[in-house]
Amino acid sequence: MDASDSTTVEIFGETYNVRGEGDPNYLAELARFVDSRMREVAAEVATVDPVKIAILAALNIADEFSRYRKQREEHASGTWIEKTEELSKRLSKVIG
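Notes on the structure follow. Residue numbers here run from 1 along each chain, matching the order of that chain's written sequence. Given that the model is predicted, a residue must reach a pLDDT of at least 70 before its local features are reported, and side-chain atom pairs must reach 80 or more before they are shown or counted; all residues, however, enter totals for whole chains, interfaces and linings. Water and hydrogen atoms play no part in the side-chain values, which are based on all heavy atoms of the structure.

1. Side note on the pairing of strand E2 (residues 14-19)
Point 1. Relative accessibility decides the category of a residue: with a 1.4 Å probe and only protein chains considered, values under 20% of the type maximum give buried, values over 50% give exposed, and everything between is partly exposed. Working definition: helices are DSSP H or I runs of at least four residues, strands are E runs of at least two. Numbering for both runs from the N terminus. Summarising burial for E2: 0 of the 6 residues are buried, a small minority.
Point 2. For strand E1 (residues 6-11) and E2, the ladder comprises 6 bridges, and the chain directions are antiparallel. The partner of Ser6 across the bridge, within E2, is Arg19.
Point 3. Adjacent in sequence and paired antiparallel, E1 and E2 are bridged by 2 residues, among which Phe12 carries a positive phi angle near 55°. Strands were regarded as paired on the criterion that DSSP finds at least two bridges between them.

As structure tokens, this is what we get:
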């Protein structure tokens, strides 16, 4: 990876050169998302310390991700249970 693999993004008024594999537009999209969350947090808290704002934004993002992951796991589990019950009913009919 060299300097040409670097993408320049701006988050909360600071410019960062981010290196990563993949689409630079995706990195820019992630940076816009983080910037947006930091601005939302900044509007709601009394501090102007960007580190504290970043930590609070990260906690909000982690909470949202955790809730999403839990919801997906519950949905997948529910689907599995429904399929198992359906198969059990079919087997009962076949077996008699």
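2. Quick word on the nonpolar core
Point 1. Nonpolar cores were defined as sets of buried Ala, Val, Leu, Ile, Met, Phe, Trp, Tyr and Cys residues, with membership established by side-chain atoms within 4.5 Å. Counting 7 residues, the largest nonpolar core consists of Val9, Ile11, Ala31, Met38, Val41, Ile53 and Ala57.
Point 2. Of all the elements in the fold, those that place two or more residues in this core are E1, helix H1 (24-44) and helix H2 (50-95).
Point 3. The dominant element in this core, judged by the number of residues it contributes, is H1, at 3 residues.
Point 4. Excluding its chain neighbours within four sequence positions, the residues that come into contact with Met38 are Ile11, Phe12, Pro50, Ile53, Ala54 and Ala57. Only heavy atoms matter for contacts: two residues are in contact if any of them lie within 4.5 Å across the pair.

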